Amino acid sequence: MYFRISLLALLASLVLSCSNHASEDPTAIMPANGNSGTAKPDSSKTAPSLDSLLTKYDPPDRVLWQKPELVIQKMGDLENKVVADIGAGSGFFSRRLAQHAKKVIAVEVDPRFIHFMDSIKLVELAPEYQKRFETRLATYDNSKLKPGEADIILVVNTYIYFQNRVQYLRHLLEVLPDDGQLVIVDFKKKRLPISYPPQDIRLELWRVEKELQQAGFNNIVSDDCSLDYQYIVTARKGRQVQ
Ligand SMILES: C[S@@+](CC[C@H](N)C(=O)[O-])C[C@H]1O[C@@H](n2cnc3c(N)ncnc32)[C@H](O)[C@@H]1O
């Protein structure tokens, strides 16, 4: 355990020292808590360090409440599926998905996380899984996914960061194949025993459902029981099934 934490810290510092990118700062965007989701980056803020982002996004107890294997299991049989993990961050989900899916595309706007994932996959994953793990640098309004490339799109703890959420969902609808699926996991807007993310940057489940509907997704199914702190919403591109 100690070895793993030291390794992560070492990788983070290596990535920091190798990368002088003036990255687009995810937390400089005030995640929108209202209807619009049209927050703009605040260029007056300095970019938080990769270290501080990792501490915030991946606290030591995360695996206990995040239950990544349960979330992945709920995505069904992934053996022949390509999964895109949008806003992949440190690769918390991508690294695990690579061991279940045909391929995982870890989509990120922050080049420091791209470097981090490219490094960590080499130390954490067996060679057969490394081949299935691709990182991709995106822009805030374009996932850079090619149409039909991913069967399933996963968005964990990132939905609130989309600058125009409905517009971005329409983009995801465009790149998904006809029977494609979107899975959104995010924090419940209620009192929780965790400090991040604060209440004011969480979204009510009904807003997520409403925005999915507005964007044109069908078969929207919400599960706010399986995880203590988060809801899991799945939606499909295809026709509504009664
Ligand atoms: C809170 S972190 C979540 C990381 C990861 N999904 C996880 O669960 O550990 C949000 C991540 O989304 C990225 N991000 C924000 N907006 C994005 C966008 N439009 N497209 C891709 N990544 C985005 C940020 O750079 C950040 O790494």
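Report follows, based on the coordinates.

Moving on, we get to the nonpolar core. Of all hydrophobic cores here, the largest spans 52 residues; its most connected members are Val83, Ala84, Val104, Ile105, Ala150, Ile153 and Leu154. Residues in contact with Val104, not counting those within four places in the same chain, are Val83, Asp85, Ser94, Leu97, Ala98, Arg132 and Phe133.

All right, on to helix α6 (residues 111–124) then. Along an α-helix, residues three or four apart share an orientation, since each turn contains 3.6 residues. The terminal C-alpha atoms of α6 lie 20 Å apart, and with 14 residues this matches the ideal 20 Å at 1.5 Å per residue to within 8%. Among the residues of α6, those classed as buried are Arg112, Phe113, Ile114, His115, Phe116, Met117, Ile120 and Lys121.

Pairing within the open sheet is mixed, and its seven strands lie in the order β3-β2-β1-β4-β5-β7-β6. On the outer flanks of this sheet lie β3 (133–137) and β6 (218–223), each paired with one strand and no other. For this sheet, the mean angle separating the axes of adjacent strands, direction not counted, is 20°. Relative to β3, strand β2 (residues 103–108) is paired through five bridges, and the arrangement is parallel. Looking across to β3, one finds that Val104 is bridged to Phe133. Where α6 meets the sheet, its contacts fall on β2 and β3, and the angle it forms with β3 comes to roughly 165°.

Another aspect to go through is the packing of helix α8 (residues 165–175) against helix α9 (residues 205–215). A pair of packed helices can be characterised by two numbers: the angle between their axes and the separation between those axes. Where α8 contacts α9, the two axes come as close as 9 Å, and the packing angle between them is 55°. With respect to α9, the axis of α8 lies oblique. When you trace α8 past α9, the crossing you get is right-handed. For the pair α8 and α9, contact is made by Arg165, Val166, Leu169, Arg170 and Leu173 and by Glu211, Leu212, Gln214 and Ala215, respectively. Among the residues making up the contact of α8 with α9, the classes are represented as five nonpolar, one polar and three charged.

Here we take up unusual backbone geometry. The linkage connecting Tyr196 with the following residue, Pro197, adopts the cis geometry, with an omega of -5°. Residue position: Pro197 is located in the loop between β5 (181–187) and α9. Located in the positive-phi region is Asn157, a residue other than glycine, with phi close to 55°. Along the polypeptide, Asn157 turns up in the loop between β4 (152–156) and α8. Phi at Asn219 is positive, roughly 45°, even though this residue is not glycine. Residue position: Asn219 is located in strand β6. Residue Asn219 is classed as partly exposed on the basis of its C-beta count, with 15 C-beta atoms lying within 10 Å.

Turning next to the pairing of β6. In this sheet, strand β7 (residues 230–236) lies alongside β6 in antiparallel orientation, the contact comprising four bridges. From the neighbouring strand, Asn218 faces β7, where its bridge partner is Arg236. Counted along the chain from β6 to the antiparallel partner β7, the turn is six residues long.

Calculation rules
- Residues numbered from 1 in each chain as written.
- Predicted model: local features only at pLDDT ≥ 70, side-chain atom pairs only at ≥ 80, totals over all residues.
- Core = buried A, V, L, I, M, F, W, Y, C linked by C-beta atoms within 7 Å.
- Buried ≥ 20, exposed ≤ 12 C-beta atoms within 10 Å, placed from the backbone.
- Contact = placed C-beta atoms within 7 Å.
- Helix = DSSP H or I, 4+ residues; strand = E, 2+ residues; numbered from the N terminus.
- Expected span 1.5 Å × (residues − 1).
- Pairing = 2+ DSSP bridges.
- Axes fitted to C-alpha atoms, helices over the stretch in contact; angles between N-to-C directions.
- Parallel < 35°, antiparallel > 145°, perpendicular 65-115°, else oblique.
- Left-handed = near helix turned anticlockwise from the far one by under 90°.
- Nonpolar A, V, L, I, M, F, W, Y, C, P; charged D, E, K, R; others polar.

By themselves these figures say nothing about function.
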